[in-house]
Amino acid sequence: MNIILFGPPGAGKGTQAALLQEAFSIPHLSTGNIFREAIKNETPLGVKVKSILDSGELVPDQTVVDLVAEELKSDVYDNGCIFDGFPRTVAQAEAFDAMLAEKGSQVDAFVALVVPEEELISRILSRGQGRTDDTEEGIKNRLKVYENETAPVMAHYKEKGLVKEIDGIGSIEEIFARIKSAVNS
Ligand code: ADP
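The structure displayed is predicted, hence computed values, not measured ones.

Rules used throughout
- Residues numbered from 1 in each chain as written.
- Predicted model: local features only at pLDDT ≥ 70, side-chain atom pairs only at ≥ 80, totals over all residues.
- Heavy atoms only, no water.
- Helix = DSSP H or I, 4+ residues; strand = E, 2+ residues; numbered from the N terminus.
- Rg over C-alpha atoms; globule rule 2.2 N^0.38 Å.
- Buried < 20%, exposed > 50% of the residue type's maximum accessible area, 1.4 Å probe, protein only.
- 1 Å grid on protein atoms, 1.4 Å probe; cavity = no way out; pocket = protein on both sides within 12 Å on 5 of 7 lines; lining within 4 Å.
- Points joined across faces, edges and corners; volume = space filled by probe spheres on them.
- Nonpolar A, V, L, I, M, F, W, Y, C, P; charged D, E, K, R; others polar.
- Expected span 1.5 Å × (residues − 1).
- Bend = angle between axes of the 7 residues up to and from the residue.
- Contact = heavy atoms within 4.5 Å.
- Pairing = 2+ DSSP bridges.
- Axes fitted to C-alpha atoms, helices over the stretch in contact; angles between N-to-C directions.

K.L.:
Sorry, what's going on with the overall build of the chain here?
P.N.:
Helix and strand content of the chain: eight helices and five strands. Reading the secondary structure of the chain in the N-to-C direction produces β-α-β-α-α-α-β-α-β-α-α-β-α. Computed over the C-alpha atoms, the radius of gyration of the chain is 16 Å, within 12% of the 16 Å expected from 2.2 N^0.38 for a compact globule of 185 residues. By principal-axis analysis of the C-alpha atoms, the chain measures approximately 40 × 40 × 30 Å. In the chain, buried positions account for 46% of the 185 residues.

Next comes the structure, spelled out in structure tokens:
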């Protein structure tokens, strides 16, 4: 089963993805984590994307799509995956759909976490993960980029009837229960 976990920065995608990975026994792929790991290890990819992540802008579509295509060659994803932070533009979504279709696979569910903007900013500022993009300015820019470039991805999957909107306010367990019942229905 391929699940896209979608929502603005601070919506709790990473937390819920980890729980879903366990409950459904399918791996979790976070493009943001891959980029942060590459930056930490100073790989060529990391060097290329560091200033982009710091500013809260998006890594170019082709770079992200190539990265995901390469990653999905691994047989650990044969039974599906939880995608977190990808696809983040309509162009990425189109490339992703084509990539899966080529493997005879498809997106099975698009889970959108809905959280109001004031809550997002306070959550990110208080989570204190030490991310260099978690400054007030960095967060505001990521939210702007989300509105302009990422939110339209939801319309793309709405047309395919795959979107399940989940209230992202509540305890981690409550939100997880909502996601599970939406995915199972
Ligand atoms: P958040 O949801 O808090 O913004 P992520 O870990 O998903 O955190 O992403 C962090 C940063 O990594 C983004 O601001 C962007 O620069 C880059 N990034 C992650 N995934 C993508 C993607 N699919 N396309 C373009 N850039 C991405």
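K.L.:
Explanation requested: the layout of surface pockets in the structure shown.
P.N.:
Where empty space is left in the structure can be found by rolling a water-sized probe over the atoms. Of the volumes computed, that of the largest pocket is approximately 950 Å³. In terms of lining, the largest pocket is formed by 45 residues, of which the most central are Gly10, Lys13, Asp84, Arg127 and Arg131. Every element with two or more residues in the lining of the largest pocket is listed here: β1 (2–6), α1 (13–24), β2 (28–30), α2 (31–40), α6 (117–127), α7 (136–158) and α8 (172–184). Counting residues per element, the lining of the largest pocket draws most heavily on α2, which supplies five residues. A class-by-class count of the residues in the lining of the largest pocket yields 17 nonpolar, 18 polar and ten charged.

K.L.:
Help me understand α7, please; the structure alone is not making it clear to me.
P.N.:
For the α-helix, the turn length of 3.6 residues means that residues three or four positions removed from each other point alike. Helix length check: α7 (23 residues) gives 31 Å between terminal C-alpha atoms against 33 Å at 1.5 Å per residue, within 8%. A maximum bend of about 45 degrees is found in α7 at Glu147. Along α7, the residues that are buried comprise Gly138, Ile139, Asn141, Arg142, Leu143, Val145, Tyr146, Thr150, Val153, Met154, His156 and Tyr157. Looking at the packing, one finds that the buried side of α7 touches β1, α3 (44–55), α5 (90–102), β4 (109–114), α6 and β5 (163–167).

K.L.:
Is there a simple way to think about the sheet that holds strand β3 (residues 81–84) in this case?
P.N.:
Pairing between the strands of a sheet is mediated by backbone hydrogen bonds and can be parallel or antiparallel. Taking strand neighbours across the sheet as the criterion, the five strands line up as β2-β3-β1-β4-β5 in an open arrangement whose pairing is parallel. Each edge of the open sheet is held by one strand with a lone partner, namely β2 and β5. Strand-to-strand twist across the sheet, computed as the mean angle between neighbouring axes with direction ignored, equals 20 degrees. In terms of strand pairing, β4 meets β5 through five bridges, oriented parallel. Residue pairing in the sheet places Leu113 in a bridge with Ile166 of β5.

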